[in-house]
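# Chain and residue survey
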Amino acid sequence: MGSNMAEQHPVGFQWVVEAKERGAKVIHVDPRFTRTSAMADLHVPIRPGTDVAFLGGIVHYIFEHDALFEEYVRRFTNGPVIIKPEFRDTDDASGFFSGWNPDHSAYAIETWGYAGTSGETTAGKSEQQADVSGEAAHGAHGMQLPGGEPPHLDESMQDEHCVLQLVRRHFSRYTPELVSEVCGCAREDFLRVAAALCDNSGRERTSAVVYSVGWTQHTIGVQNIRAASIVQLLLGNIGRPGGGILALRGHANIQGSTDIPTLYDILPGYIPMPHPQSHPTLDTFVELNGPDTGVWGDLRPYIVSLLKAWWGGAATEDNDFCFGYLPRINGDHSHYAMMLKMLDGGVKGMFCVGQNPTVGSANSKLMRLALAKLDWLVVRDFQPIETAMFWKDSPEHEAGEVRTEDIQTEVFFLPAAAHTEKDGNFTNTQRLLQWHHKAVEPPGDSRSELHWIYYLGKAIREKVAGSTDPKDRPILDLTWDYPLVGQHGEPDAEAVLQEISGKAADGSFLDSYDDLKGDGSTSCGSWIHCGIYKDGVNQSARRRPHTEQNWIARQWGWAWPKDVRIIYNRASADADGNPWSERKRYVWWDAGEGKWTSLGDPPDFPATKAPDYEPPEDATKMEAIRGDKPFTLHPDGRGWLFAPTGLVDGPLPAHYEPQESPFTNPLYAQRQNPTRQVFHRPENPYHPSDGEPGADVFPFVVTTYRLTEHHTAGGMSRTVPYLAELQPEFFCEISPQLAVQRGLEHGGWATIVTARQAVEARVVVTDRIKPLKIQGRFAHLVGLPYHWGGVGIVKGDSANELLPLALDNNVHISEYKVATCDIRPGRRPRGPARLALVEEYRMRAGVHQ
Amino acid sequence: MTLETTSWPSSYGEAAKPRMGFFTDTSVCIGCKACEVACKEWNQVPDSMQGFTGNSYDNTIDLGADTWRHVAFIEQRVPAGVLDGASLVEAVQRGEAVDGGVQTYQEGDGFRWLMASDVCKHCTHAACLEVCPTGALFRTEFGTVVVQEDVCNGCGYCVPACPFGVLDKREDDGRVWKCTLCYDRLKDDMEPACAKACPTNSIQFGELSELRERAEHRLAHLQGAGQQHAQLYLADDDDGVGGAGAFFLLLDKPEVYGLPPDPVDTRRDLGTIWAATGAAALALGAGLAAAVWGGER
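Residues numbered from 1 in each chain as written. Chains lettered and ligands numbered in written order. Predicted model: local features only at pLDDT ≥ 70, side-chain atom pairs only at ≥ 80, totals over all residues.

This next bit is on the overall build of chain A. Scanning chain A from terminus to terminus reveals 25 helices and 32 strands. Over its C-alpha atoms chain A spans a radius of gyration of 27 Å, differing by no more than 12% from the 29 Å that the globule rule assigns to 849 residues. Looking at chain A as a whole, 56% of its 849 residues qualify as buried. Considering only contacts in chain A between residues 6 or more positions apart, those separated by 24 or more positions represent 71%. (Helix = DSSP H or I, 4+ residues; strand = E, 2+ residues; numbered from the N terminus. Rg over C-alpha atoms; globule rule 2.2 N^0.38 Å. Buried ≥ 20, exposed ≤ 12 C-beta atoms within 10 Å, placed from the backbone. Contact = placed C-beta atoms within 7 Å.)

As a further point, take the overall build of chain B. The helix and strand tally for chain B stands at eight helices and ten strands. By residue count, 42% of the 297 residues in chain B fall in the buried class. The long-range fraction of contacts in chain B, counting pairs at least 24 apart against all pairs at least 6 apart in sequence, stands at 63%.

Here we come to the environment of Pro384 of chain A. Looking at the element boundaries, Pro384 of chain A is found in the loop between β11 (376-381) and α18 (386-389). Distance from Pro384 of chain A to Ile475 of chain A, taken between C-alpha atoms, is 31 Å for residues 91 residues apart in sequence.

Now for the interface of chain A and chain B. Every contact between the two is made by 40 residues of chain A and, on the other side, 38 residues of chain B. Listing elements by their share of the side of chain A that touches chain B, those giving two or more residues are α2 (10-21), α3 (35-39), β2 (42-44), α23 (721-724), α24 (736-742) and β26 (758-765) of chain A. Top element by residues in the side of chain A that touches chain B is α2 of chain A. It accounts for five residues.

Residues and elements named next belong to chain A. Within the open sheet, the three strands sit side by side as β22-β30-β31. Their pairing is antiparallel. Edge positions in the sheet fall to β22 (677-678) and β31 (813-814), since each has one partner strand and no second. Pairing analysis gives two bridges linking β22 to strand β30 (residues 806-808), with the strands arranged antiparallel. Bridge pairing in β30 links Gln677 to Leu807. (Pairing = 2+ DSSP bridges.)

In terms of nonpolar packing, the biggest core is built from 217 residues, with Val59, Val167, Leu234 and Leu307 of chain A together with Met115 and Cys128 of chain B touching the most fellow members. With nine residues, the single largest contributor to this core is helix α14 (residues 299-311) of chain A. Of all hydrophobic cores here, the second largest spans 67 residues; its members include Leu371, Phe663, Val759 and Trp788 of chain A. (Core = buried A, V, L, I, M, F, W, Y, C linked by C-beta atoms within 7 Å.)

All names here are of chain A. Within helix α15 (residues 335-343), burial applies to His335, Tyr336, Met339, Met342 and Leu343. Taken down its axis, α15 places every buried residue within 115° of arc, on the same side. The inward-facing, buried residues of α15 abut α17 (364-371), β30 and β31. One or two positions beyond α15, positive phi appears at Gly345, with a value near 85°. (Arc of directions from axis to C-beta.)

Further remarks concern unusual backbone geometry. Going from Trp560 of chain A to Pro561 of chain A, the amide bond is cis rather than trans, its omega being -10°. Its place among the elements puts Pro561 of chain A in the loop between β19 (558-559) and β20 (587-590). Look at the link from Trp8 of chain B to Pro9 of chain B: it is a cis peptide, with omega at 0°. Within the secondary structure layout, Pro9 of chain B lies in the segment before β1 (20-25).

Moving on, we come to the sheet that holds strand β9 (residues 231-233) of chain B. Residue and element names in this part refer to chain B. Across the sheet, which stays open at both edges, the four strands sit in the order β8-β1-β10-β9 with mixed pairing between neighbours. Each of the sheet's edge strands pairs with one partner strand only, and the pair in question is β8 (203-207) and β9. Looking at each pair of strands side by side, their axes are set apart by 20° on average, direction ignored. The pairing of β1 with strand β10 (residues 246-250) spans four bridges and is classified as parallel. Bridging across to β10, Phe22 finds its partner in Ala246. (Axes fitted to C-alpha atoms, helices over the stretch in contact; angles between N-to-C directions.)

Residues and elements named next belong to chain A. One way to put it is that helix α4 (residues 51-64) packs onto helix α8 (residues 176-183) with a least axis distance of 9 Å and a crossing angle of 170°. Between α4 and α8, the crossing angle belongs to the class labelled roughly antiparallel. Across from Ala53, Phe54 and Gly57 in α4, the residues of α8 making contact are Pro176, Val179, Val182 and Cys183. Grouping the amino acids of the contact of α4 with α8 by side-chain chemistry returns six nonpolar, one polar and no charged. (Parallel < 35°, antiparallel > 145°, perpendicular 65-115°, else oblique. Nonpolar A, V, L, I, M, F, W, Y, C, P; charged D, E, K, R; others polar.)

Residue and element names in this part refer to chain B. Of all residues in chain B, 88% have pLDDT values of 70 or greater, and the mean over the chain is 88. This stretch, residues 80-85, has a pLDDT under 50; its non-local contacts, to residues over four places away or in other chains, come to five contacts. Note on residues 93-108: pLDDT is under 50 here. Beyond four places in sequence and across chains, it has 36 contacts. Our summary of model confidence lists the complex with pTM equal to 0.94 and ipTM equal to 0.93. (pLDDT = per-residue confidence, 0-100.)

A few words on the packing of α4 of chain A against helix α9 (residues 187-199) of chain A. Packed helix pairs are characterised by how far apart their axes lie and by the angle those axes make with each other. Residue and element names in this part refer to chain A. For the pair α4 and α9, the least separation of the axes is 10 Å and the interaxial angle reads 60°. Relative to α9, α4 is oriented oblique. Two packed elements cross with a definite hand, and for α4 against α9 that hand is right-handed. Counting all contacts with α4, which are made through Phe54, Gly57, Ile58, Tyr61 and Ile62, the residues of α9 involved are Phe190, Ala194, Leu197 and Cys198. The residue makeup of the contact of α4 with α9, split by class, is eight nonpolar, one polar and no charged. (Left-handed = near helix turned anticlockwise from the far one by under 90°.)

Below, the discussion takes up the environment of Gly531 of chain A. All names here are of chain A. Within the secondary structure, Gly531 is located in the loop between β18 (522-523) and β19. The exposure class of Gly531 is buried, given the 24 C-beta atoms found within 10 Å. Along the backbone, Gly531 and Gly789 are 258 residues apart, and their C-alpha atoms lie at a distance of 43 Å. Leave out the neighbours within four places in its chain, and Gly531 touches Ser501, Leu510, Asp511, Ser512, Lys562 and Asp563.

A word on the confidence of the model for chain A. Detailed reading of the predicted coordinates is not advisable wherever pLDDT is low. Residues and elements named next belong to chain A. Per-residue pLDDT for chain A averages 94, and the proportion of residues at 70 or more is 97%. When the criterion is pLDDT under 50, residues 122-126 qualifies, and its contacts beyond four places in sequence or with other chains add up to 18 contacts. Every residue in residues 130-138 is under pLDDT 50, and counting partners more than four places away or in other chains gives 33 contacts.

What follows concerns helix α25 (residues 832-845) of chain A. Residue and element names in this part refer to chain A. Here α25 contains 14 residues, and its C-alpha end-to-end distance of 20 Å stays within 8% of the 20 Å for a straight helix at 1.5 Å per residue. Next to the buried residues of α25 lie α19 (395-399), β25 (749-753), β26 and β32 (819-825). One or two steps after α25, the chain reaches Gly846, where phi turns positive at roughly 70°. (Expected span 1.5 Å × (residues − 1).)

Here you go:
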């Protein structure tokens, strides 16, 4: 669901094909019939943005059909935990959970907590406001829970305030009929999916869920994934071979750039960025970023080792290991927040590395207007992409809105090396790192990111050398001493990997994060990656073929944490440590040896902690995790059916309509996610939704996506002849029914209009797009691949011009997957007439600039 | 199964290698076109921009001098009875398709999207090779059919000789180009670029005899799983081209994929044709003679 795996991850899809050959059933639930659907046993089309309703229906089905994996749920999840009686579910409040503060558009989360706990997150925060991101991240790692044990439990899971009963009641209205009404799929098709999933789960069998940006790019993106987590926990499909939830990332190494982040709000290994007021010292940071129990209980060794990796000898006990050198964040500095600040003149310069926001970001025009406010812009890419050319060539130039001579931004273009021209790592969906070696030197002036950032850092250090200004100390004290290799003086990527992996005081390599110390005697650039250079060997460069080892393939690459291939794999054994079944044997307790053993994967659990281990009352860290609790990243070691902290929009997923929708929400009076992040400003108008005046001006649902033949915003494919020719033109995919309704001709042209922009595309009329009957009328879909732009061998309008900024406030990802639009035959007007057309639509819809 | 051709292995003696070929199992093709791109990259085939075709996701159109692998996309509504002879739009106007289910074909009815990667067939009876006057086209020690670019004089005889329309002259150079089954890679014990790049093993490379066995098993498996129209194409020594070095497993009739249902070696009837021509010449000669003689009378 939410994934077009065959098209976007064709290499990984070979394993799905192989599984299918071995008898696995492949089900594809997706608005469109794609190349993935073509390979599936069953394709069920749903309306974009209704995944929570579909998954909630499966939860309902599990309860109705007694398909729950009872023992797994009781022992491994927070199903038996009693939640505070003050908690109110959405049904009691027309779509709001308890704690809603309309003035702040945010939830106070005291009532979501475990009964008997203080009701505060670790940061002492009572309100989950994601735009104070340093603090919001705390909740993601769980709350303080003395001794690691929820205060009140009902092992029978019958108490009306226990999590399992809350989950059951919450989804009681998600009946097959409701699923059909919301999603538009046939009730029978939904039931087939639910039955197939339940039948294929339990002691003997497991099922896996695959998702991609079809789930994340929504105003309820995180809750889509939460809903899948609930399904998989109820069915006992986590931590077991063949199970899991697989997030296929948008392109190569997005996972790696999350783990060692290019994100603004976390440090390597998901350590939150410090907050300026809350975290004056290392001690307060560690104290407020707990929890004390579980793997996160060792935050101090992780952060101290990170500080030692960055500032080396300068980081001492006396100066808080240079904790004061870390940047602080006090607000939302995510992509769109930054671009809006740029638009308002609040950003002077930008490095744009491996990103093409004028094609890849929603509301492309707003992106370009923002870029024009910069003093300087550096674009590093293979080709001068649209973002590098915005000053010279854009729809605004065509429409006469903008003149090149009026744009003051100084633009620098730096050619980048391709992955074949540099050493480094790719991290894939199951946290597996695979080293790639440089095959050839980069041509001309092209250089790797490592080269660029190293020499940029060097130049800055030279500029501030000898400075006595304290603000320059963090730069001057950095360990910036990588060996240089090759004809271009390239910093040695393996030396960086060694720093990431971690070293003891004597310079020897560490085995795992268990070796990290909080006293400054170890250094480690990313605690979750500790041990990737174990024994002085680049473990991620291991390449023993699968034919020479068992199917776990431990000798291929390296997975974080601790080279564990299936995370939480203690859950593959029952509470007593025995395999759930012979067929699904993976990790089990060897009572004779007194340790966990496995088919070859390292047990993701303390090696000698017996299944019946019970912690002392005041235990902390991993000592506080019981022998039958596999989910060690949580303070209670349990999988969370109900999330008491960490989310801004509720402890349970609820179906909300997208920001723009031609339909009402049959479940709740509150139509959309109340915590979604919206920006009401003239450059970013929203359409009226169903029932509001003017909604019928934009009667159709538009969704955006990619094609196998192109890569994201096209910089790596529209510029390559062999790829460009495979999908040379921007097209829209529509059903025959919509073609008739709007007079659109296959192979002809259509103009797609929103209050943001009008774009033109070639028309593809196809049975692969099916109108769905929703609330008594047809929901028509306009499908748009988003790869095109104004630069390259093949050019065209960009689909993302059409979309508004409407974000999931947990993670600030925009709703690329659904908005409303109109579609009409023929090419779009040229010049100022294009603006006039959009303006006419705005007037008719009552959308005022 | 004989697999022998007129010149392989006999003309190679001890230098003959096993006959190598492709088994393209279209049932696992995901239409990624990696084969098309890998082929062009390895063989330095020029790009061949054809523009937007509107023919499903196929913008390559056909095999040709600059396209040695081609992935066909067929959007198929099953059962087709409702739509016979009508376009999708016409069907809707007739109100017949509104409630048509969109389900995968495997589940019974509805809709399916077939994808198949096509290539030169490297026929057992390769007419192209036989009609080539310069010897540019030859049978390699692997039993494959290759054009030697430094010998081809661009006469074009092979073009109409191919029953599949594979052979094609490159506009700007006049010579004929086609799949070599990566002859250069084979010589270095490497598999062809397309097979190497195929993520789902839809394109399988190997000894033809072994591929044929594998294909029989695969066909039996699919038929057992309810794919009633699954069939092997060009895997039969008795077909019109004597079987091919590149054969296919299709999920429907060959013509659905744009492949000739009953291809024949275009020289098959040459004997009869020459005999008829001879007879005609004789008859003409006799007539002329009669006329001459008659005229003298």
